[in-house]
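Analysis of the macromolecular model
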Amino acid sequence: MERLVERLEKAVERLETVCQRPGMCEDGSSKGVAQYVQGFDALLAGPVAEYVKISKEVGGDVQKHAEMVHAGLMSERALLVMASQHQQPAENAFSSLLKPISEQIQVVQNFREKNRGSKLFNHLSAVSESIPALGWVAMAPKPGPYVKEMTDAAMFYTNRILKEYKDVDKKHVDWVKAYLSIWTELQAYIKEYHTTGLTWSKTGPVATEGAKSPSAPPARVAPPTPGPPPPPAPAPTSSSTDDSASRSALFAQINRGEGITSGLRHVSDDMKTHKNPALKNQGGPVRSGPKPFTAPKPACNANNLSPKTSPKAPALLELEGKKWRVENQENASNLVISDTELKQVAYVFKCTNSTLQIKGKINSITLDNCKKLGLVFDDVVGIVEIINSRDVKVQVMGKVPTISINKTDGCHVYLSKNSLECEIVSAKSSEMNVLIPTEGGDFTEFPVPEQFKTVWNGQKLVTTVTEIAG
């Protein structure tokens, strides 16, 4: 990693020296590098180099993740070099050329899923949620807005990083700025060189899969440190990344337009059942032409993983350092954590049709990817987070300052009299209800607003809750 940073820093100096005059940058051959490849090299030598450098200072999983991100960017550079020297290929050939980028996106996202217990999970999530932005090369006619959309997907996690480290460690704040600047600069780069889609050369041979070899990155640009081998086929990684993962796995097909029907064959009248009733009485299938186009399905998904790579995970309820891990519990109605300390946290992952009671006072609780789970706890001094879950019920017996609900459908929060000052923060969630205790011991249910109205008052946007009459 140290050599990677050193070589990136040297790349900056060489780019400044070599590229002082137009057309003087070279990619290791006698041909001049296209102007938009030079622009991408400036992106690598600037924001990307800064991000890699700070990731090295943070270390651990963030450093490893940065190496994978850099590998994806270098795969993208290879495609840009090839596009600058070749004419646009047919759709099926273009899909093959996009595979290295798509596979590297999956490598980045899979790393996050395999390290859910990481102390830097918010950093990994910010990268994982936004890395599909590399798929802009397959987007037309608006690749820039697509990158903006992917960048926005990272904001939830980058805001959490800023909140956690703002007054603790400035290095993490700088990391957020460096990482987001990559996508900000990429949007500016796309606006300048690829406004309506990837720009291909109007001369030269038509690009093919075999044309990838001359587009290898030049020696002066630091090669990526190899990440983990890519999976056999792109696959979504979790329900939290369904939209982005599916997009990265299929972005080669998204923009086919009228080309989708190019492989279909004309059906003559004698093949139509409404004009040839005899066909209805035949025992065999009527269709003789090709099947209608359907987008290719990923080889596996979050709920049906290949048995070769992910056998059913064992159920856990154990203390690992300062973290209580409760994972993969199914139909368990008597889960209890009683021997707790203030410095401990609880992480509840992929538990279904179960109930969990946490006694005593702990630092924080996180529910992730849970369904039909009931949680009862005494006191939390930090935050209770509910992420990517469905039909969960949470009851506070003591006090808790903050409850965060994100990407969750169906959540009932039962507050105690001592926790009525609790702040409840929600995003991308539905069917949320807060139940307030009454003097008689019962609860009164209040729905959390899901629909809002925003208007311009002449100076700023003003957002209010929309009241819908039943």
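Residues numbered from 1 in each chain as written. Predicted model: local features only at pLDDT ≥ 70, side-chain atom pairs only at ≥ 80, totals over all residues. Heavy atoms only, no water.

1. Quick notes on the overall build of the protein chain
Test applied: Numbering of helices and strands starts at the N terminus; helices are DSSP runs of H or I of at least 4 residues and strands are runs of E of at least 2. Whether a residue is buried, partly exposed or exposed follows from its accessible area with a 1.4 Å probe, protein chains only, as a fraction of its type maximum: under 20%, in between, or over 50%, in that order. Contacts were defined at the residue level, with two residues in contact if any of their heavy atoms lie within 4.5 Å.
On a plain count of helices and strands, the protein chain comes out with eight helices and 16 strands. When burial is assessed residue by residue, the protein chain has 45% of its 470 residues classed as buried. Counting only contacts in the protein chain whose residues sit at least 6 apart along the sequence, the fraction spanning at least 24 positions is 47%.

2. Quick notes on the pattern of salt bridges
This is how the line gets drawn: A side-chain nitrogen of Lys or Arg and a carboxyl oxygen of Asp or Glu constitute a salt bridge if their distance falls within 4 Å.
Counted under the stated rule, the structure contains 14 salt bridges. We note a salt bridge from R325 to E318, for which the minimum N-O separation is 3.8 Å. Between E439 and K417 there is a salt bridge; the shortest N-O distance is 4.0 Å. In this pair, E439 is assigned in the loop between β13 (430-437) and β14 (443-447) and K417 in the loop between β11 (409-414) and β12 (423-427), connecting sequence segments 22 residues apart. Assessed through its relative accessible area of 76%, E439 is described here as exposed. What emerges from the salt-bridge pattern is a single network uniting R112, E113, R116, E129, D368 and K407.

3. Things to note about the packing of aromatic side chains
The test is simple: For this analysis, a ring pair means two rings from Phe, Tyr or Trp (six-membered ring only for Trp) whose centres lie within 6.5 Å, classed as stacked if their planes differ by under 30 degrees, edge-to-face if by over 60, and tilted for the remaining angles.
Evaluation of the coordinates by the stated rule reveals eleven aromatic pairs. With 5.3 Å between their ring centres and 55° between their planes, Y51 and Y179 make a pair best called tilted. Of this pair, Y51 sits in helix α2 (residues 35-58) while Y179 sits in helix α7 (residues 170-193), and the two are 128 residues apart along the sequence. Y179 gets classed as buried once you look at its relative accessible area, which sits at 0%.

4. Thoughts on the side chain of T402
With respect to the element layout, T402 can be found in strand β10 (residues 402-406). Residue T402 is classed as buried on the basis of its relative accessible area of 14%.

5. Overview of unusual backbone geometry
Geometrically, the link from A140 to P141 is a cis peptide bond, its omega value of 10° lying close to zero. For P141, the location among the structural elements is in the loop between α5 (121-130) and α6 (143-165). Positive phi outside glycine occurs at K407, with the angle close to 50°. Secondary-structure assignment places K407 in the loop between β10 and β11.

6. A look at α6
The condition that has to hold: In this scheme, a helix's expected span is set at 1.5 Å multiplied by one less than its residue total. Axes are fitted to the seven residues ending at a residue and to the seven starting at it; the angle between these axes is taken as the bend at that residue.
Here α6 is 23 residues long and its end C-alpha atoms lie 33 Å apart, about the 33 Å a rise of 1.5 Å per residue gives. At M155, α6 shows its largest kink, close to 40°.

7. Topic: the packing of α2 against α7
What counts is decided by this rule: All axes are obtained by fitting lines to C-alpha atoms, using only the stretch in contact for helices, and the reported angles, taken between N-to-C directions, cover 0 to 180 degrees. Oblique is the label for every angle not falling under 35 degrees (roughly parallel), over 145 degrees (roughly antiparallel), or within 65 to 115 degrees (roughly perpendicular). Classes in brief: Ala, Val, Leu, Ile, Met, Phe, Trp, Tyr, Cys and Pro nonpolar; Asp, Glu, Lys and Arg charged; the others, Gly included, polar.
As a packed pair, α2 and α7 sit with axes 8 Å apart at the nearest point and diverge in direction by 170°. With respect to α7, the element α2 is oriented roughly antiparallel. For the contact of α2 with α7, the residue count by class is 16 nonpolar, five polar and five charged.

8. Side note on the environment of E431
Its location among the elements puts E431 in strand β13. Residue E431 is classed as exposed on the basis of its relative accessible area, which comes to 52%. With 21 residues separating them in the primary sequence, E431 and G410 have C-alpha atoms 4.6 Å apart.

9. Things to note about the confidence of the model for the protein chain
Caution applies to low-pLDDT regions: their predicted coordinates should not be interpreted in detail. Quick note on the threshold: pLDDT is defined as a per-residue confidence score from the predictor, taking values between 0 and 100.
Per-residue pLDDT for the protein chain has a mean of 79; in total, 70% of the residues score no lower than 70. Scored below 50 in pLDDT, residues 15-31 makes 22 contacts in the model with residues more than four places away or belonging to other chains. Long-range and interchain partners of residues 283-310, a stretch whose pLDDT sits below 50, account for 33 contacts in this model, where long-range means more than four residues apart.

10. A few points about the sheet that holds β13
The line we're drawing: The pairing criterion for strands is at least two bridges between them, as found by DSSP.
Ordered by their spatial adjacency, seven strands build an open sheet running β3-β5-β7-β9-β11-β13-β14, and the pairing between neighbours is mixed. Edge positions in the open sheet fall to β3 (335-337) and β14, since each of these has one partner strand only. Taking each pair of neighbouring strands and ignoring which way they run, the sheet shows an average axis angle of 15°. Alignment of strand β5 (residues 352-362) against strand β7 (residues 371-380), held across eight bridges, turns out to be parallel. Its bridge partner lying in β7, K361 is registered against D379.

11. A few points about the sheet that holds strand β2 (residues 323-327)
Whenever strands of a sheet pair, they do so through backbone hydrogen bonds, lying parallel or antiparallel. Taken in spatial order, the seven strands make up an open sheet running β1-β2-β4-β6-β8-β10-β12, and their pairing is mixed. The strands lining the two open edges of the sheet, one partner per strand, are β1 (316-320) and β12. The sheet shows a mean angle of 10° between the axes of neighbouring strands, direction not considered. In this structure, strand β6 (residues 364-368) lies alongside strand β8 (residues 383-387), joined through four bridges in parallel fashion. If you follow T366 over to β8, its bridge partner there is E385.

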